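Descriptive analysis of the structure
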Amino acid sequence: MTTPAIAIIGGGPCGLTLARLLECKGIDYTVFERDASANSNRAGGSLDIHAHTGQHALREGGLIDEFKKYARYEDAVMSLADKHGKKVFEMGQGRDDPEIDRAELRQILLDAVPKDKIKWGHVLQSVAVGEDKRPVIRFSNGTEISSFKLVVGADGAWSKVRSVITQATPKYSSKTYLESRIGLENPLYQTVASNVGAGSSLAIGSGKLIVTQRQGNGSYRIYFGFEIPENYYRDGTVNLQDIEATRRWLLTNFYADWSEEYQDFIRHATDFRAWPLYSLATEDMGWKSVPGFTLAGDAAHVSIPNGEGVNLAMADSLTLANKIEEHGLEDLDKAVQEYEADMFPRGISSICDGKRWAEVMYSDDPQAFVKLITSLMPDE
Ligand SMILES: Cc1cc2nc3c(=O)[nH]c(=O)nc-3n(C[C@H](O)[C@H](O)[C@H](O)COP(=O)(O)OP(=O)(O)OC[C@H]3O[C@@H](n4cnc5c(N)ncnc54)[C@H](O)[C@@H]3O)c2cc1C
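We now turn to the structure provided with this report. (Residues numbered from 1 in each chain as written. Predicted model: local features only at pLDDT ≥ 70, side-chain atom pairs only at ≥ 80, totals over all residues. Heavy atoms only, no water.)

A look at the packing of helix α6 (residues 243–253) against helix α7 (residues 260–268)
Packing of α6 against α7 brings their axes to within 8 Å, and their N-to-C directions diverge by 155°. The angle between α6 and α7 falls in the class roughly antiparallel. Of the residues in α7, those touching α6 at Arg247, Leu250 and Leu251 are Gln263, Ile266, Arg267 and His268. For the contact of α6 with α7, a count of residues per class yields three nonpolar, two polar and two charged. (Axes fitted to C-alpha atoms, helices over the stretch in contact; angles between N-to-C directions. Helix = DSSP H or I, 4+ residues; strand = E, 2+ residues; numbered from the N terminus. Parallel < 35°, antiparallel > 145°, perpendicular 65-115°, else oblique. Contact = heavy atoms within 4.5 Å. Nonpolar A, V, L, I, M, F, W, Y, C, P; charged D, E, K, R; others polar.)

The following block contains the structure:
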């Protein structure tokens, strides 16, 4: 038995993709995940997995056929409407960007990694450089480990690994998503299903938005988007546990001038959950490589959601795994330097796209979104 050289912090799409790719290459590693077990009931919506990034990584990991068992090609479609419900655009027909539930993607990856290589219930508390220059990682359960040669921070937007590499922290964008559900048992379900159908619908107006997204089990996840101070759901502005009060608050303060159809969505929405939207800045990219540590996925370049986040996280993992294989465990520093040089432009472009998406989505002009989306997809 030898100690693995690589610690992966975080068992999200990024960390588990990296684990699977290292597994395929015969390179040993350990994943440390804060969730208590594989069955932890984590929230998370449907994700579209793109051909050249997310799917490419799955193919390289030998998982594309498994992915296709769950991939919902019919849900790649999206329609755009104004706040009165008038459709102005449709896209996605025939595109190779199928949707999959986050939980299903996680399970596919978990099934492809030996169980003993994932340490559940390990909440990373801090990282440091030891006297021997090796990384030291400390967990909230008191465990301290200093045997790894490389620690990969795949621990999401609020990465604890990041602090040893850069002082950058995500900034609040002033925009939020308030997530909610319309389940199969909801009295409005049939109406939503016949209005939205497959895929997603996005409605834009008066600086607000409503995204309605079909999930794998046919239910709908609805995101209400608007500008609001960062801590509104903690400072007494609204109690999200009080469903009726939250509905009234949305109708009165944000969606009073929206059509009855959308107001009905609000009157029936349940399970509210706040997603304040954060982003790193483009200037935060380009740090000087720190021996023994690197970042990938949201930990490296979290941005306002732009439809790419999970795909870029998986693309990071593929590049990093390939660089580690190319340079071997004896030259991990070189592997990390080359990986980071490849990742920074991806991160900068994603951060910029996130800002551009937010500008047009939180506007009064659905056509501005059409212009942006068609410019990003010239073959559409
Ligand atoms: C509301 C919303 C909607 C989105 N929609 C989309 C979309 O439609 N398409 C898309 O591509 N992207 C979307 N994104 C972005 C996408 O969710 C992220 O880019 C993606 O999940 C990044 O993957 P990751 O593995 O890097 O990070 P995460 O998914 O955040 O995973 C990080 C993992 O690390 C673990 N972890 C965190 N801290 C610690 C710690 N201290 N110790 C141990 N483990 C830890 C977490 O439990 C988690 O398992 C959306 C984001 C939001 C907020």
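There is more to say, and it comes next.
Let's talk about unusual backbone geometry
In this model, Ser174 sits at a positive phi of 80°, which is unusual for a non-glycine residue. Checked against the element boundaries, Ser174 lands in strand β12 (residues 171–182). The exposure class assigned to Ser174 is partly exposed, which follows from its relative accessible area of 27%. Of note, the phi angle at Ser206 is positive, near 50°, even though the residue is not glycine. (Buried < 20%, exposed > 50% of the residue type's maximum accessible area, 1.4 Å probe, protein only.)

A few points about the site of the ligand
Near the ligand lie 35 residues; those nearest to it are Glu33, Arg102, Leu124, Asp298 and Val310. Contact distances for the ligand include 3.5 Å between an oxygen atom and a backbone N or O atom of Gly12. The contact in question runs from an oxygen atom of the ligand to an N or O atom on the backbone of Val310, over 2.9 Å. For the ligand, whose free accessible area comes to 1,000 Å², the fraction covered by protein is 88%. Broken down by element, the shell around the ligand gets its largest block of residues, four residues, from helix α9 (residues 309–327). Counting residues domain by domain, the shell around the ligand receives three or more from each of domain 1 (6–72 + 101–170 + 281–361) and domain 2 (171–279). (Near = heavy atom within 4 Å. Polar contact = N/O pair within 3.5 Å; in protein donor to acceptor, adjacent residues only side chain to side chain. Areas by Shrake-Rupley, 256 points an atom, 1.4 Å probe, with all protein chains shown as cover. Domains from an automatic or database assignment.)

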